[in-house]
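# Notes for the structure review
Here are the chains, one letter per residue:
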Amino acid sequence: MKSSMKREIYKQLRSIVIISVGLALIPPILQFNNYFLLVLTYILLYAVIVSAWNIIGGFGGQLDLGAGAFTGLGCFTMGTLLLRWNIPPVIGVFAGGLIAAAFGFIIGYPSFRFGLKDVWYALATIALVVVLKQFFTVWEQVGGPEERYLPGTYGSLYYLKLPYSYYYYILVVALAIVLFLNVKVKMSKLGYYLFSVRENEDAAEMLGVDVRMTKLKGLMIYAFITGTIGSFFALISGYIHPTQFNTDISLQIAILGIVGGLGSIYSPVITTFILQSASEYLRTVLGGWIPGIHLIFYGAILMIIVLFFPEGLSAILNKVYAKIGLFSLKKEEKK
Amino acid sequence: MSLELFIQNLINGTLLGFVYSLVALGLALQFGVMDIINFGHGEFVMVAMYLTFWISLFLAIPGSATVVLTAPIFFVFGIIIYKLVIDKVIEAQPLSQIAVTIGLLILLRNFALAAWHAEPKGLQYQVLVGGFKVGDYVISISRLATAIVSLVVLIVLHLILTKTYFGIAIRATSDDKVAAALLGVNVKKMYTLVFGLGCAIIAIAASFIMTFQQVEPMSGMTWGLLSWVIVAMGGLGGLSGVLAAGLIVGIAQGIEITFWDPRASLAIVYLLFILLLWFKPKGLFGKR
Amino acid sequence: MFLEVSNLNVYYGMVQVLWDVSFKVEEREMVTIIGSNGAGKTTTLLTISGVLKPKSGKIFFKNEEITNLPSHEISKRGISLVPEGRRLFPNLTVTENLLMGAYNQRAREQRFETLKEVFELFPRLEERKKQVARTLSGGEAQMLAIARSLMSKPSLLMLDEPSLGLAPVLVEEVFEAIKNLKERGTTILLVEQNVAKGLEIADRGYILENGKITLEGRGKDLLKSEKVRKAYLAI
Amino acid sequence: MNFKTGFDKKFKILSVTFLVSLFLLVGCVGQPPSPTPTPSPTATASPSPTVPAIKEVKIGLIEPLTGTHAVFGTEAKQAAELIVEDINAKGGIKSLGGAKIKLVVGDTKSDNEGAKLAAEQLISSEHPVVILGAYISRHTAAMAEVTEREKVILVGDALVDFLTEKGYKYFFRVCPKSSAHGKTAMEFAYETAKENGVELKNISVINEDSVFGKYTSEGAIHQAYTYGVTVLDHIEYPYDISDASPIVSKLKSENPQVVVSVPYFDDGVLIAKTMREMGWHPLLVAGSGACGYCDPGSIEAAGAAVEGFTQTYSYNPMLNTPYNKWFVNEFKKRYGKMPTEAGGIIAYSLWTVKEALEKAGEINPSDPLNPDVLKQAFLSLDITSGPAAELYPSQHIRFDAHGDNEFAEAVVLQVQNGQPVLVWPRALRTTKPIFPMPSK
């Protein structure tokens, strides 16, 4: 039993290494073109957050729309530490993660204590994003309407003001870590508990699962990662601003997670790559023609995927694979 | 802070509350009966506002009078949306419903942008101009009209739901759709009609919003989440809950702006909403 | 033929629940299907009333095939099911629940007369007609469920375990009511775990075991049969 | 065995995904960027020893075409297309042998990420020598980081003051700063009151809660202090506010003589209509910052409710010069409305860019599109005639060391009889401002 688990982890680890190496090879292939790097960096940023969302949303089935709140908190914690006390972002990003996790606890504890779920949990979390945004707009000592530009000269490691490729490779490592965390969680007791909560909360409760604690743990892991990685939004933009409490990010993350297929480890990430690059592609091709037309297509694509492939994009990918790789699969079976 | 201002803003908040409840009413009906989580509600309001604008412009009739046309048109619009989209996710899990309606939200918002451009569009007052004075206080006529319409719609809807066979069937379907189907209720047809009816109410609300607001492709953002908050606060099933919740939200905003910063007026409402969800998870007047 | 079910195979996902189930009900007859928990009794009734769709097999009602019709169409043709657990509309009043029973076009025109009849049959319900259904007691709720089905003027009334979870006194009362209905000429298909009671009042009976019909016969004969006595009556 | 199947499967899915993503990404630019410069006639920013014949100069326009701020970006794009067409019709850039301008457009999606993405995309695929945009200050700042690195001239149309104080090397701004708007609004209100024999003692300031609103209202408040006018209240509100009646009630209870208001856009109409509903308005609502009260759309929507309201503009559509008249007419003809702030700024900024390109051709004919040459050209500009000057309120454009226009000026329009008319500065006006506003 133990050894099979080890083998499974080893197997997954190899997949993750392959993914990371594959991702690491992309920039040289694209000759470090700044535009591609920036697009890829943003995609990776989303991929990491979606992958973190997967723990609470995919495994635990909680409709969390709070990603915008956690990214915002990450940005503001990191930025404020840097601006006020000149604490380098290397520390700041993790502080951001901690603050986000603490905030997740403050919100999650009563929410789960009072049995908030389904659409109500979703609404509460997205309302929080708006609350924080307005709160930081009013709180002029830290936020306010004025964007606060992060100090440091270009290329400074201390201020983490670096070419995109650095961010990109940091995020590749982050993605590998978060994917591995997904694997670990999925195979741990927490993972089983989360799955049982998703399937049937009452039944899980009866089987002795501490539903509240399980959800809370899932939420805090997710909040920590989102807060930490969310700081990169500020680092790349070069400023902190209340608009970084962005409900669009919340919706985007949830949609990518849902469309990717709940509970699977890799498909949300793959979906993020496909959909985000498709969206960027549509923007460049159609954006200058009629404003908004590319987003009409994007919205339609989302709807079509959900309507016709309810199990998510992973189902399509598997089908595509099955068609292409049918032969080789069969051969292996014969052996 | 003077007492007069406080009372005046109480009045303003109350009148605004009626508008809010009217906007949320369609959503409350749809969600209450069908359990469909429609995140595109605000965008429906936005499209209905555009419809009001264009009809009012082309026929040269006051915005509020376009109801006669917009409500039926939106009823049909609702049915089409139901058949094309909602019907396919009505049995699906909430996550899928949210994903598909967010897709719809993106689509509608940008369709409005592509088709009608980004400039805000508004209607001049033709009727219902100005306000009248009661002592030191001013009551806006157009808001008062909205409040009255809101009440009338609420009462009519209540009567439909309790006094007509169709209404009883709606409530029965909302209670137990399998049992209703076994008794001969065509549940899909019922859903179609309810969705259409909800959209018709949205159209009524939109035509009155147009008396004081302008419409632009992003207008839905203001109304979508707010409507959901009101529905959640009001609790399900009860329509009076929607009215009460709308009033609470409107008055809370009015008071907040009187005493503090308008920039945080929504934050206060949403905080109130979160606290309420914690301590009264079934909403203020929840039956279930 | 009034109701004829032939070779019904029903699945829940990948699991087969009914295996080649066939039986029939004649007009003005009362038929009971008995079987233990999980034998597939409820599934049978739900399939007839169109809530579940069979993988194969056919259902005929009054010589018309109704196999894949939606529930409301089947209800329109006069088949009424009192579902397991009653499934009343908890937020509707007793009267509204009853009126919902007469929803189909056929019954709707006469709904007020039927309502009067039903109140005569169940005077307890008339006393509580303004009450919301979720406040009723178990027995009253079962009465209401049956009464609601009667409102649809059914040609065929299907009852799914009407005695489940009721106190013995109430069970008597419910069966009394069923008998009463039968005497008035209603065709009844009853599904029961209470084997003795069920077979006693039935004209004919079927025994359903693990999704298969294993025995059929006249109610009284079945009651006497060795198998039934051993397996269900524990004698 | 099992292990291998799972592994293979995942690997295949992944490789398919990567291929798809790569394909899409590569498609974004059309072709992967190659290190060897293609011998195309289009201009590139890289200096080359031989003088290539420049046939086309690419100018980028990055504006919010979708999302919250789309209304401004859309008009900017319309104006830019019109002006570029006209420049090309008039023979292009003469000092560069009549090279034509090619406009390439990017969309910021009105969000923080989009602006930077659009800048990177436009620069890596189109190599424009000058970029105009992005209306919102933080988006402009995000873009400036890219343009500074790539040495592309950025001509901003965001008004917030500090953009030119950040030490950008290749940043220019033709339009006035936001504080100038606030200052102008206050000056106008004070002077007009004085003209009409009213001594202005107190005002209230309301603004939407963006950084633009903040700087503009601070400009007004600062000017009020220098006049010794009391500021009774300063209210900030979110631009997408659903109802203005509590705010108007608050103003009413304070009863200031003048309200200086910085609306975002549609909130202007909301406030005007609400004032009418509440049956109260001050002697003057001095709108500041470009849009909200005097735009054709607002007048259309608010009707009598905005009668007498004023508004500062970075662009003067009433300016009585031949080119401006042509521009306004042509714009009306093509797009069915009067050009406002967003379009006007882009119009004169584009003409300024054109003048700078002409200058660059004169300064260094062998390498006119070198960013440093262009920068020098911008700094040496002193435009007092020609289309650029004819479009600009002060009719004079000269850049200071920060990249701001030394002769930046905002004008004030007032709605009179349902038409916007110019009422400030005094030297330009043809109509007297109506003070106090007519009661409704």
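Residues numbered from 1 in each chain as written. Chains lettered and ligands numbered in written order. Predicted model: local features only at pLDDT ≥ 70, side-chain atom pairs only at ≥ 80, totals over all residues. Heavy atoms only, no water.

As a further point, take the overall build of chain A. Helix and strand counts for chain A come out as 13 helices and 2 strands. Taking 335 residues into account, the globule formula puts the C-alpha radius of gyration at 20 Å, and chain A, at 20 Å, falls close to it. With the C-alpha coordinates of chain A rotated into their principal frame, the extents come out at 65 × 50 × 45 Å. Per-residue burial over chain A gives 64% buried out of 335 residues. Counting only contacts in chain A whose residues sit at least 6 apart along the sequence, the fraction spanning at least 24 positions is 78%. (Helix = DSSP H or I, 4+ residues; strand = E, 2+ residues; numbered from the N terminus. Rg over C-alpha atoms; globule rule 2.2 N^0.38 Å. Buried < 20%, exposed > 50% of the residue type's maximum accessible area, 1.4 Å probe, protein only. Contact = heavy atoms within 4.5 Å.)

This next bit is on the arrangement of the chains. When the 4 pairs of chains in contact are compared, the highest contact count belongs to chains A and D. Nothing in chain A touches chain C, and the closest approach of their C-alpha atoms is 16 Å. Looking at chain C next to chain D, you find no contact at all, with the nearest C-alpha pair sitting 24 Å apart.

The next subject is the environment of D:Ser210. Tracing the backbone through its elements, the reader meets D:Ser210 in the loop between β6 (202-208) and α6 (211-227). For the pair formed by D:Ser210 and D:Ser137, sequence separation is 73 residues and the distance between their alpha carbons is 9.9 Å.

A word on the sheet that holds strand β7 (residues 156-160) of chain C. Hydrogen bonds between backbone atoms are what pair the strands of a sheet, whose relative direction is either parallel or antiparallel. All names here are of chain C. If you walk across this open sheet you meet the 6 strands as β6-β7-β8-β3-β9-β10, and the pairing is mixed. Two strands in the sheet have a free side with no partner beyond their single neighbour: β6 (79-82) and β10 (212-218). Sheet twist, expressed as the mean angle between neighbouring strand axes with direction ignored, is 15°. Pairing geometry for strand β3 (residues 30-34) and strand β8 (residues 187-192), over 5 bridges, is parallel. What sits directly across from Thr-32, in β8, is Leu-190. On top of the sheet, helix α7 (residues 138-151) reaches β6 and β7; it is set at about 175° to β6, its chief contact. (Pairing = 2+ DSSP bridges. Axes fitted to C-alpha atoms, helices over the stretch in contact; angles between N-to-C directions.)

All names here are of chain D. Ordered in space as β7-β6-β8-β9-β10-β11-β12, the 7 strands form an open sheet in which the pairing is mixed. If you trace the sheet from one side to the other, it starts and ends with β7 (230-237) and β12 (419-424), each paired once. Strand-to-strand twist in this sheet, taken as the mean axis angle between neighbours without regard to direction, amounts to 25°. Where strand β10 (residues 310-313) and strand β11 (residues 411-416) come together, 4 bridges link them in antiparallel fashion. When the sheet's bridge partners are listed, Thr-310 is paired in β11 with Gln-414. Where α6 meets the sheet, it contacts β6, β7 and β8 (258-262), and its direction lies at approximately 170° from that of β6. Sitting on the sheet, helix α7 (residues 245-254) touches β6, β7 and β8, and the angle it makes with β7 is about 175°.

Per the stated rule, a full pass over the model turns up 45 salt bridges over all chains. Two residues, D:Lys337 and D:Glu75, come together in a salt bridge whose shortest N-O distance is 4.0 Å. Here the residue D:Lys337 occupies a position in the loop between α10 (322-335) and α11 (341-363), and D:Glu75 occupies one in helix α2 (residues 70-89), the gap between them amounting to 262 residues. Considered together, D:Lys337 and D:Glu75 belong to a single accessibility category, that of buried residues. Between D:Asp404 and D:Lys177 there is a salt bridge, with the nearest N and O atoms lying 3.9 Å from each other. Placement of D:Asp404 in the loop between α13 (387-391) and β11 and of D:Lys177 in the loop between β5 (171-173) and α5 (178-195) is noted, with a sequence separation of 227 residues between them. The buried category is assigned to D:Asp404, whose relative accessible area is 6%. Look at the salt bridges and you will find they share partners, linking A:Glu140, B:Asp261, B:Arg263 and D:Glu236 into a network. (Salt bridge = Lys/Arg side-chain N within 4 Å of Asp/Glu carboxyl O.)

All names here are of chain A. A cluster of nonpolar residues, Leu-13, Val-17, Val-21, Leu-25 and Ile-29, forms a patch on the protein surface that exposes about 440 Å² of accessible area. Looking at the element boundaries, Val-21 is found in helix α1 (residues 2-29). What makes Val-21 partly exposed here is its relative accessible area of 44%. (Patch = residues over 30% accessible without salt bridge, like charges linked within 9 Å, V, L, I, M, F, W, Y side chains within 5 Å. Areas by Shrake-Rupley, 256 points an atom, 1.4 Å probe, with all protein chains shown as cover.)

What follows covers the pairing of strand β1 (residues 56-63) of chain D. Residues and elements named next belong to chain D. Most of β1 sits inside the fold, with 7 of its 8 residues counted as buried. Here β1 pairs with strand β2 (residues 100-107) via 8 bridges, running parallel. Paired with Ile-62 across the strands is Gly-106, a residue of β2. Handedness of the crossover joining β1 and β2 through α2: right-handed. The pairing of β1 with strand β3 (residues 130-133) spans 4 bridges and is parallel. The residue bridging Gly-60 from the neighbouring strand is Ile-131, located in β3. (Right-handed = clockwise from strand over helix to strand, strands pointing away.)

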